[in-house]
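# Chain and residue survey
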Amino acid sequence: LITLFQGWAKESAPKQSTIDDWRTHVERFIEFIGHDDAKAVVRADVVRWKQHLLELNNAPKTINGSKLAALKAIFGWGVANELCAANPADKVYVRRSGRAGEEMRGFSAAEARTILAAAAIAKDDACRWVPRLCAQSGARVGEVCQLRVEDIRRDGDTWFMDFDLRPFSHPLRG
């Protein structure tokens, strides 16, 4: 497994922080299964490790996006380079989805007042208008920041923002 990891890291050239984190995940997996033989790892080993991580109260996002992702990547690299017959981590993931609004929360009234008070005295146009438009419309910061002057329109007495939901294309890159 360490050999697979080293081969993947050398070829993929990820950030050093990814190498450090994923090496730790691979080492913990090796400790859990009790050996370093990539060819002897079976899907049941990966599933048992996933269950173990859940018992340790690891967040599903951490398990899926980091710990299992590391195994999937190195085994995938091993399969692509004919060092493994199959990827035992393939399609193993925590099937738990968060409930709507579970991790996201709105601002408290005091927080909203602080933000809008700072916006009222801001010298920079974006710092002045973005919080106000978000507060009035419920739009996200990223949505408001993509607006152009021509996207703010008026129909009679009603002002509105016209959000173009197509992917952004940089004019210099096409």
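Because the structure is a prediction, the values reported are computed rather than measured. (Residues numbered from 1 in each chain as written. Predicted model: local features only at pLDDT ≥ 70, side-chain atom pairs only at ≥ 80, totals over all residues. Heavy atoms only, no water.)

## Let's talk about the overall build of the protein
Per the secondary structure count, the protein includes seven helices and two strands. The helix and strand sequence of the protein, counted from the amino end, reads α-α-α-α-α-α-α-β-β. Here the protein holds 174 residues, and 29% of them are scored as buried. (Helix = DSSP H or I, 4+ residues; strand = E, 2+ residues; numbered from the N terminus. Buried < 20%, exposed > 50% of the residue type's maximum accessible area, 1.4 Å probe, protein only.)

## Observations regarding the packing of helix α2 (residues 16-33) against helix α3 (residues 43-55)
Look at α2 against α3: their axes get within 10 Å of each other, and the N-to-C directions meet at 105 degrees. The pairing of α2 with α3 is recorded here as roughly perpendicular in orientation. Counted together, His25, Arg28, Phe29, Phe32 and Ile33 of α2 and Asp45, Val46, Arg48, Trp49 and His52 of α3 form the full contact between these two elements. Across the contact of α2 with α3, the residue classes break down as five nonpolar, two polar and three charged. (Axes fitted to C-alpha atoms, helices over the stretch in contact; angles between N-to-C directions. Parallel < 35°, antiparallel > 145°, perpendicular 65-115°, else oblique. Contact = heavy atoms within 4.5 Å. Nonpolar A, V, L, I, M, F, W, Y, C, P; charged D, E, K, R; others polar.)

## Some remarks on the nonpolar core
Membership of the largest hydrophobic core comes to 29 residues, with the highest contact counts inside it found for Leu1, Phe29, Val46, Leu71, Ile74 and Phe75. Looking at this core, the elements that each hand over two or more residues are α1 (2-12), α2, α3 and α4 (60-80). Discounting residues that sit within four places of it in the chain, Leu71 has contacts with Val26, Phe29, Val46, Trp49, Asn87 and Ala89. Within the second largest apolar cluster, six residues are counted, among which are Val130, Cys134, Ala139 and Leu147. (Core = buried A, V, L, I, M, F, W, Y, C linked by side-chain atoms within 4.5 Å.)

## Topic: the environment of Asp21
One can find Asp21 in helix α2. Its relative accessible area of 45% is what places Asp21 among the partly exposed residues. For Asp21 and Ala70, which are 49 residues apart along the polypeptide, the C-alpha to C-alpha distance reads 8.8 Å.

## Comments concerning the packing of α1 against α2
Contact pair α1 / α2: the axes reach a minimum separation of 10 Å and the direction vectors enclose 165 degrees. Here α1 lies roughly antiparallel to α2, going by the angle between them. The chirality of how α1 crosses α2 is right-handed. In contact with Ile2, Phe5, Gln6, Trp8 and Ala9 of α1, α2 contributes Thr18, Ile19, Trp22, Arg23, Val26, Glu27 and Ile30. Each residue belonging to the contact of α1 with α2 can be placed in one class, and the counts come to eight nonpolar, two polar and two charged. (Left-handed = near helix turned anticlockwise from the far one by under 90°.)

## Overview of the pairing of strand β2 (residues 158-161)
Relative to β2, strand β1 (residues 152-155) runs antiparallel, the two being bridged by four bridges. Paired with Arg154 across the strands is Trp159, a residue of β2. Between the antiparallel neighbours β1 and β2 lie two residues, among them Gly156 with a positive phi of about 70 degrees. (Pairing = 2+ DSSP bridges.)

## Brief notes about the confidence of the model for the protein
For the protein, the average pLDDT comes to 87, and 90% of its residues sit at 70 or higher. Mean pLDDT per element in the protein: β2 is the minimum at 85, and α3 is the maximum at 94. (pLDDT = per-residue confidence, 0-100.)

## Describing unusual backbone geometry
Despite not being glycine, Ala13 shows a phi value in the positive range, around 50 degrees. Structurally, Ala13 is set in the loop between α1 and α2. Not every positive phi belongs to a glycine, and Lys91 is a case in point at roughly 65 degrees. Take Lys91: it is sitting in the loop between α4 and α5 (109-121).

## Some words on the pattern of salt bridges
All chains considered together, the criterion is met by seven salt bridges. One salt bridge connects Asp125 with Arg128, and the closest N-O pair in it is separated by 2.4 Å. Taken together, the positions of Asp125 and Arg128, both in helix α6 (residues 125-137) and three residues apart, correspond to about one turn of that helix. Measuring nitrogen to oxygen at the nearest pair gives 4.0 Å for the salt bridge that ties Asp157 to Arg154. Put simply, Arg148, Glu150 and Asp151 are held in one network by salt bridges that share partners. (Salt bridge = Lys/Arg side-chain N within 4 Å of Asp/Glu carboxyl O.)

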